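The primary structure of each chain is shown beneath.
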Amino acid sequence: MKFRNFKMVDYVVFGRGAFDQLDEILAPRRKGDAPMIFFVDYFFQGNEAFAKRIPLRGKDKIVYIDVTDEPKTKYVDKVRDELKAEFGEVSGIIGIGGGSVMDMAKAVSLMMKNPGSSADYQGWDLVKVAGVYKVGIPTLSGTGAEVSRTCVLTGPTRKLGMNSDFTPFDQIVLDPDLIKGVPVNQQFYTAMDCYIHCIESLQGTYLNAFSRSYGEEALRLCQEIFLEKNTWDDDADEKLMMASYAGGMSIAYSQVGVAHAVSYGLSYLLGTKHGIGNCIVFDKLEEFYPEGVKEFKQMVKKHNIDIPQGITKGLSDEQFNAMIDVSLGMAPLWENALGKNWKEQMTRERLRALYEQL
């Protein structure tokens, strides 16, 4: 097929208080007494007021998801096995949290219906069977996980998503109230994932009018929030949530680029979280994205954000090679950034030098 037949999220609700409509949204999706399983960021564990807002019915269950590390295939398989052992079938999986929780929800949904390990499906279009009903409800904004066709997982040999038409959510609930009060550094790192999406998409070789229209709007919103505004208010929460949505849509017909390709290696070896990993890498990418990096540094300075330095110092040749192998495995990202002859441009030696700067 010459043009990608892009699978989008089926239903979207946006607005303050939209979370309180969840019960009526889920009602027609319930199958007999099979429960809805709510994956909730462990940040909310012990928050009884929030737990009471989750519309539990019958055998429904809350599973608090540990996001100390980004999702691993063995964690996905473990949770899947536990749910199958306890319930057999479930009506759906609802992910409430940041990108890691939403990726877990997507992955476990798929693995409830597909055999084997989630590691078997790391790649493009390897998933052949639709998962159970799944809902994404972000409590952090920036990753675009709520609209993407992938769920990024760290497996035994690589960090790579389950990219497929079966991966997008059936429903997303965008409630700006849920991202209110996020710690400043966490908010920045996650939001910069969106900003970097936009820079990489808008300067990529895959760019077309579809990607550009979403990417330009997401970029404009990020610039308004992080450069023009002097105080964080409700309007900033709403605009960041929409920037995340538009940023995710911008790469549907495009791709990300150098920062993401390099940060995947960091995450695989060092466990660096996606948002902060992208910031660490992007901070050193003037030769690829000069204007974007200049603007990024202005945002960092204005918001007094700490970007870790020297995290690869003292690594062995074996460790550098492991990161390089993971990074160079992200062929679509490198092609979007550098063109079809990217392998001639991004040699192992050049990539090693880049990692050494971090």
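None of the values given here were measured: they were computed from a predicted structure.

Parameters at a glance
In this numbering scheme, every chain counts its residues from 1 along its sequence in written order. Predicted model: local features are reported for residues with pLDDT of at least 70 only, side-chain atom pairs are reported and counted for 80 or more only, and whole-chain, interface and lining totals are derived from all residues. Only hydrogens and water are set aside; all other atoms, that is, all heavy atoms of the structure, feed into the side-chain values. Where helices and strands are cited, they refer to DSSP runs of H or I of at least four residues and of E of at least two residues respectively, numbered from the N terminus. Note that the radius of gyration is over C-alpha atoms, with the globule rule given as 2.2 Å times the number of residues to the power 0.38. It only takes one pair of heavy atoms within 4.5 Å for two residues to be counted as in contact. What sets the accessible areas is the Shrake-Rupley method with a 1.4 Å probe; for residues, cover comes only from the shown protein chains. When charges are counted, Lys and Arg are positive and Asp and Glu negative, with His and the chain ends excluded. To locate a charge, the coordinates of NZ of Lys, CZ of Arg, CG of Asp or CD of Glu are taken. UniProt positions are given in the numbering used here, feature names are shortened, and annotations may be inferred rather than shown by experiment. Stacked, tilted and edge-to-face are the three classes assigned to paired rings of Phe, Tyr and Trp, where Trp is represented by its six-membered ring and a pair needs centres within 6.5 Å; plane angles under 30 degrees give stacked, over 60 edge-to-face, the rest tilted. Three exposure classes are used, based on accessible area relative to the maximum for each residue type with a 1.4 Å probe and protein chains only: buried under 20%, partly exposed in between, and exposed over 50%. Helix axes use the C-alpha atoms of the stretch in contact, all axes being lines fitted to C-alpha atoms, and the angles between their N-to-C directions lie in the range 0 to 180 degrees. Any angle between 65 and 115 degrees counts as roughly perpendicular, while under 35 counts as roughly parallel, over 145 as roughly antiparallel, and the rest as oblique. What makes a crossing left-handed is the near helix being turned counterclockwise from the far one by less than a right angle; a clockwise turn instead makes it right-handed. Throughout, the ten residues Ala, Val, Leu, Ile, Met, Phe, Trp, Tyr, Cys and Pro are labelled nonpolar, Asp, Glu, Lys and Arg are labelled charged, and all others, Gly among them, are labelled polar. When DSSP locates at least two bridges between a pair of strands, those strands are taken to pair. Crossovers are marked right-handed if the path from the first strand over the helix to the second runs clockwise, as seen with the strands pointing away from the viewer. Salt bridge criterion: a side-chain nitrogen from Lys or Arg within 4 Å of a carboxyl oxygen from Asp or Glu. What a helix is expected to span follows from its residue count: subtract one and scale by 1.5 Å.

(A) The overall build of the protein chain, seen in detail. Each helix and strand in the protein chain was counted, giving 14 helices and nine strands. A compact globule built from 358 residues should have a C-alpha radius of gyration of about 21 Å, and the protein chain, at 20 Å, falls within 12% of that. Taken over the C-alpha atoms alone, the protein chain extends approximately 55 × 45 × 45 Å along its principal axes. Once local pairs closer than 6 in sequence are excluded, the contacts in the protein chain between residues at least 24 apart make up 78%. Accessible surface for the protein chain amounts to roughly 15,000 Å². Of this, 50% is attributable to carbon and sulfur atoms. Looking at charge distribution, the protein chain has the averaged site of its 41 positive side-chain charges lying 3 Å from that of its 48 negative ones.

(B) Focus on the UniProt feature "domain: Fe-containing alcohol dehydrogenase-like C-terminal" (unreviewed entry) in the protein chain. Look at the UniProt record and you will see "domain: Fe-containing alcohol dehydrogenase-like C-terminal" (unreviewed entry) annotated at residues 189–291. Secondary structure across residues 189–291 comprises 73% helix and 0% strand; the distance between its end C-alpha atoms is 19 Å.

(C) Focus on the packing of aromatic side chains. Counted by the stated rule, this structure contains 14 aromatic pairs. Between the aromatic rings of Phe282 and Phe296, the centroid separation amounts to 5.5 Å while the plane-to-plane angle is 90°, which identifies the pairing as edge-to-face. Here Phe296 lies in helix α10 (residues 290–302) and Phe282 lies in helix α9 (residues 274–282), a separation of 14 residues in the sequence. Each member of the pair, Phe282 as well as Phe296, is classed as buried. Through a chain of ring-to-ring contacts, three or more aromatic side chains come together here, namely Phe188, Tyr195, Phe226, Trp232, Phe282, Tyr289 and Phe296.

(D) View of unusual backbone geometry. One non-glycine residue, Asp125, lies in the positive phi region at around 60°. Along the polypeptide, Asp125 turns up in the loop between β5 (123–124) and β6 (133–138). Even without a glycine there, the phi angle at Asn304 is positive, about 55°. With respect to the element layout, Asn304 can be found in the loop between α10 and α11 (317–328). Its relative accessible area of 69% is what places Asn304 among the exposed residues.

(E) Geometry of the packing of α11 against helix α14 (residues 348–357). It is at 10 Å that the axes of α11 and α14 come closest, and there the two elements cross at 110°. Between α11 and α14, the angle is such that the two are roughly perpendicular. Crossing handedness for the pair α11 and α14: right-handed. Along its contact with α11, which presents Asp317, Phe320, Asn321, Met323, Ile324, Asp325, Ser327 and Leu328, the element α14 presents Arg348, Leu351, Arg352, Tyr355 and Glu356. Grouping the constituent residues of the contact of α11 with α14 by class yields six nonpolar, two polar and five charged.

(F) Inspection of the pairing of strand β2 (residues 36–41) at higher detail. Most of β2 is tucked away, with six of its six residues classed as buried. Of the two faces of β2, the one carrying Met36, Phe38 and Val40 and the one carrying Ile37, Phe39 and Asp41 are both buried. Two strands pair when backbone bridges link them, and β2 and strand β4 (residues 92–97) are joined in this way by five bridges, in the parallel orientation. Bridging from a neighbouring strand, Val40 pairs with Ile96 of β4. Examined bridge by bridge, β2 and strand β3 (residues 61–65) share five bridges and lie parallel to one another. Opposite Val40, over in β3, you have Tyr64 as the bridge partner. Regarding the hand of the β-α-β motif, the stretch spanning β2, helix α2 (residues 48–53) and β3 is right-handed.

(G) Geometry of the pattern of salt bridges. In the structure shown here, the tally under the stated rule is 33 salt bridges. Of the charged contacts, one joins Asp33 and Lys59 as a salt bridge, the two residues approaching to 3.8 Å between their closest N and O atoms. With Asp33 in the loop between α1 (22–26) and β2 and Lys59 in the loop between α2 and β3, the pair connects residues that are 26 residues apart, well separated along the chain. Looking at Lys59, the relative accessible area reads 41%, which means it is partly exposed. Taking the shortest distance from any N to any O, the salt bridge between Asp283 and Lys284 comes out at 3.9 Å. Relative accessible area serves as the criterion here: at 21%, Lys284 is assigned to the partly exposed category. Linked through salt bridges whose partners overlap, the residues forming this network are Glu217, Arg220, Glu224, Lys229, Asp233, Asp235 and Lys239.

(H) Inspection of helix α4 (residues 99–111) at higher detail. Taking 1.5 Å of rise per residue, the 13 residues of α4 would be expected to cover 18 Å, and the 18 Å separating its terminal C-alpha atoms lies within 8% of that figure. With 13 of its 13 residues buried, α4 lies for the most part within the structure.

(I) A look at the packing of helix α5 (residues 184–202) against α9. Running from N to C, α5 and α9 point in directions that differ by 55°, and their axes come no closer than 8 Å. Taken as axis vectors, α5 and α9 run oblique relative to one another. The handedness of the crossing between α5 and α9 is left-handed. Between α5 and α9, the residues in contact are Tyr189, Met192, Asp193, Tyr195, Ile196 and Ile199 and His274, Gly275, Ile276, Asn278, Cys279 and Phe282, respectively. Residues of the contact of α5 with α9, tallied by class, amount to eight nonpolar, three polar and one charged.

(J) Focus on helix α12 (residues 331–338). Those residues of α12 that sit buried are Leu333, Trp334, Asn336 and Leu338. Elements in contact with the buried residues of α12: α5, α8 (258–270), α11, α13 (342–345) and α14. After α12 finishes, the residue Gly339 shows a positive phi value of roughly 100°.

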